[in-house]
Amino acid sequence: PAFDLNPNPEVGAKRFSTAIDDSGEDSVETMLGVAELFRLSRAEASSALAEVSDATTRWREVARRTGLKAGVIAEMEPAFEHPAADRAREIAVAPR
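Now for a look at the structure at hand. (Residues numbered from 1 in each chain as written. Predicted model: local features only at pLDDT ≥ 70, side-chain atom pairs only at ≥ 80, totals over all residues. Heavy atoms only, no water.)

### Quick look at helix H5 (residues 83-93)
Along H5, the residues classified as buried are Ala85, Ala88, Arg89, Ile91 and Ala92. Angularly, the buried residues of H5 cover 165° about the axis, an arc narrow enough to put them on a single face. Along H5, exposed side chains directed more than 90 degrees from the buried face belong to Pro83 and Val93. Where H5 is buried, its residues meet helix H1 (28-33), helix H2 (42-57) and helix H4 (70-80). (Buried < 20%, exposed > 50% of the residue type's maximum accessible area, 1.4 Å probe, protein only. Helix = DSSP H or I, 4+ residues; strand = E, 2+ residues; numbered from the N terminus. Arc of directions from axis to C-beta. Contact = heavy atoms within 4.5 Å.)

Put into structure tokens, the structure is as follows:
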């Protein structure tokens, strides 16, 4: 289970905070590749990825609805809009 997840608005590559895989590569593919270590099948991991990807795709709408100012939303954009998020969305919509 995941807990205490906080978006990181720093510009640049996003890092997984675990060193489960020896490849040294932080990627959505690496995350899916180690899913079985967490007792998840590839299909279950892909389903979880799709669920999270779908939820975070609407981050701007949720931020506006909860009253965040445009400047704060702009500051948080790099936490939700980056190449790994784009890749997760691609995988999430791919046929399984």
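### Here's the deal with the packing of aromatic side chains
Ring pairs (aromatic) are described by centroid distance and by the angle formed between their planes. One pass over the structure, following the stated rule, counts 1 aromatic pair. Taken together, a centroid distance of 4.8 Å and an interplanar angle of 15° make the contact between Trp59 and Phe80 stacked. You can see Trp59 sitting in helix H3 (residues 59-65) and its partner Phe80 sitting in helix H4, a full 21 residues away along the chain. (Phe/Tyr/Trp six-rings, centres within 6.5 Å; stacked < 30°, edge-to-face > 60°.)

Any functional reading would require information beyond the geometric quantities listed.
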